[in-house]
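# Tertiary structure, described
Okay, here's what each chain looks like letter by letter:
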Amino acid sequence: MLKGKKILLGVCGSIAAYKSALLIRLLVKADCDVKVVMTSSAKSFITPLTLSTLSKNPVVSSFEKDDQGQWENHVELGLWADLMILAPASANSIAKMAHGLCDNLLMATYLSAKCPVMIAPAMDLDMYKHPSTCTNLKTLQSYGHQVLDAEHGELASGLIGEGRMAEPEELFNHITAHFSKKKRFEGQRVLITAGPTYEKIDPVRFIGNHSSGKMGLALAHAMADEGAQVQLIAGPGNYELVTDAISLIQVSSADEMYEAVAKSYDETNIAIFAAAVADYKPVSQAVEKIKKAGQSMTIELVKNKDIAAEMGKRKGTHQINVGFALETEKEEQYAKEKMSKKNFDLIVLNSLNDNGAGFSVDTNKITIFSVDQKPKYFELKSKQKVANDILNCIHEKIQS
Ligand code: CTP
């Protein structure tokens, strides 16, 4: 599986650097070609001689080749690799990568690399939990890099907590999974609705909701990662796309979302309705800002089109529709009723009674109902991991 794969290992200054020797052994045993770039502080933790002996390649760490007056070509190294992994990645290097700082050979190589990048952080627990490190790691994820979460355990400081670099065997498994990953949605056209809708009252006011669009965005990236061509139709919000495989149409109101979905739906194989669409809109929108008058005010509302239900009526045999239900009571009953009313094949239930689930947060806890299978209950996890669970169920559905 890994035979002949070119792996570029970046080693930063951290006590976990000793584990990179074990990772190299596993990779070399699997017939990978491994080259190592170290920062100069990494040399205080493990010697280049150890790593070059294990990798069977020279280890580099500075822009000048030792004693030869020659330049070390980081561009060539960056282009050579099939995969770059920084293990251990220190808080300092993570910060530099997030901001494009380039004061050593490892950072120059990283900035030149065109291959996928994995990052295995290692640091003390407070550094790992510091808002700046969390933001930097999120930034690196937004560049499309895979962050291999640090583990909980005893740290070099003697403290116990999260920050230990993942074990070499686990890093090796991630690398193997990366190269063996079959793109399950290759050639599929996927339509995803996301975010809130804003229903205009007058030029400055609207009826909206707290949806952030994060779940829809995570689904779009997960689908694109698995080979799908994704059409993301999203209400107001920020949608940072890290791939060309997603094309974004931004809309504001439910009517605009309906129009955009109706145009693309027939060419779609899989439609995921993750948007929190406003059920009602004002009967009329004032042209000028409404001025304050009497003690109370009434806005007459009229029902919006139900986008998912309308597409459910149009659904052909080659199509799968997936819905969402956010409920506060009788969760299972309401979710199942929505599934049948809107002709969904699967429905993803979030309960606002679960801590960490719902709008704006980065985590979610879901149950997936299917028309012909038992419900699947999932733990609280990041929206990225939830997106993968949803993809697994959609894939199962296609296969069944
Ligand atoms: N949905 C939609 N268009 C609408 C309303 C909802 O496409 N106008 C979709 C949502 O994206 C979601 C599913 O329908 O996939 C269920 O949405 P939800 O708001 O929970 O259901 P409603 O039918 O609006 O029911 P209620 O608000 O009464 O719970």
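Scope of this entry: the structure provided in the associated data block. These figures come from a predicted structure and were not determined experimentally. (Residues numbered from 1 in each chain as written. Predicted model: local features only at pLDDT ≥ 70, side-chain atom pairs only at ≥ 80, totals over all residues. Heavy atoms only, no water.)

Another aspect to go through is the packing of helix H9 (residues 214-225) against helix H13 (residues 383-399). Helices that pack against each other are described as a pair by the angle of their axes relative to one another and the distance between those axes. For the pair H9 and H13, interaxial distance at closest approach is 8 Å and the crossing angle is 60°. In terms of orientation, H9 lies oblique with respect to H13. The chirality of how H9 crosses H13 is right-handed. From H9, Lys214, Met215, Ala218, Leu219, Ala222 and Met223 reach across to H13, where they touch Lys383, Gln384, Val386, Ala387, Asn388, Ile390, Leu391 and Ile394. When its residues are assigned to classes, the contact of H9 with H13 shows 10 nonpolar, two polar and two charged. (Axes fitted to C-alpha atoms, helices over the stretch in contact; angles between N-to-C directions. Helix = DSSP H or I, 4+ residues; strand = E, 2+ residues; numbered from the N terminus. Parallel < 35°, antiparallel > 145°, perpendicular 65-115°, else oblique. Left-handed = near helix turned anticlockwise from the far one by under 90°. Contact = heavy atoms within 4.5 Å. Nonpolar A, V, L, I, M, F, W, Y, C, P; charged D, E, K, R; others polar.)

Further remarks concern the site of the ligand. Contacts to the ligand come from 15 residues, most closely from Phe273, Ala275, Asp279, Lys338 and Lys342. At 2.8 Å from an oxygen atom of the ligand is found a side-chain nitrogen or oxygen belonging to aspartate 279. Note that a nitrogen atom of the ligand is positioned 3.0 Å from one of the backbone N or O atoms of isoleucine 307. Here the ligand, which alone exposes 570 Å², has 76% of that area covered by the protein. Looking at the shell around the ligand element by element, the count peaks at four residues for strand E19 (residues 320-327). Considering only residue class, the shell around the ligand consists of nine nonpolar, one polar and five charged. (Near = heavy atom within 4 Å. Polar contact = N/O pair within 3.5 Å; in protein donor to acceptor, adjacent residues only side chain to side chain. Areas by Shrake-Rupley, 256 points an atom, 1.4 Å probe, with all protein chains shown as cover.)

Before going further, it helps to spend a moment on the nonpolar core. A general tendency of soluble globular proteins is for nonpolar side chains to be buried together. In this structure, Leu219, Met223, Val230, Leu232, Ile272, Ile390 and Ile394 are the most contacted members of the largest nonpolar core, which totals 36 residues. When contributions to this core are tallied by element, the ones reaching two or more residues are strand E11 (189-194), H9, strand E14 (229-234), strand E16 (270-273), E19, strand E20 (346-351), strand E22 (366-370) and H13. Considering each element in turn, this core owes the most residues, eight residues, to H9. One finds Ala17, Cys32, Val59 and Ala122 within the second-largest nonpolar core, a separate group that totals 32 residues. (Core = buried A, V, L, I, M, F, W, Y, C linked by side-chain atoms within 4.5 Å. Buried < 20%, exposed > 50% of the residue type's maximum accessible area, 1.4 Å probe, protein only.)

Further remarks concern a nonpolar patch on the surface. A surface patch of nonpolar side chains, amounting to about 400 Å² of accessible area, comprises Ile15, Tyr18, Leu22 and Phe45. Among the secondary structure elements, leucine 22 is positioned in helix H1 (residues 17-29). (Patch = residues over 30% accessible without salt bridge, like charges linked within 9 Å, V, L, I, M, F, W, Y side chains within 5 Å. Salt bridge = Lys/Arg side-chain N within 4 Å of Asp/Glu carboxyl O.)

This model, assessed by the stated rule, comprises 17 salt bridges. With a closest N to O distance of 2.9 Å, lysine 376 and glutamate 396 form a salt bridge. Taken together, the residues span a long stretch of sequence, with lysine 376 in strand E23 (residues 373-377) and glutamate 396 in helix H13 at a distance of 20 residues. For lysine 376, a relative accessible area of 26% corresponds to the partly exposed category. A salt bridge links aspartate 389 to lysine 381; the nearest nitrogen and oxygen atoms lie 2.8 Å apart. The structure contains a network of salt bridges with shared partners spanning Lys19, Arg164 and Glu167.

Worth remembering: the numbers are spatial, not functional.
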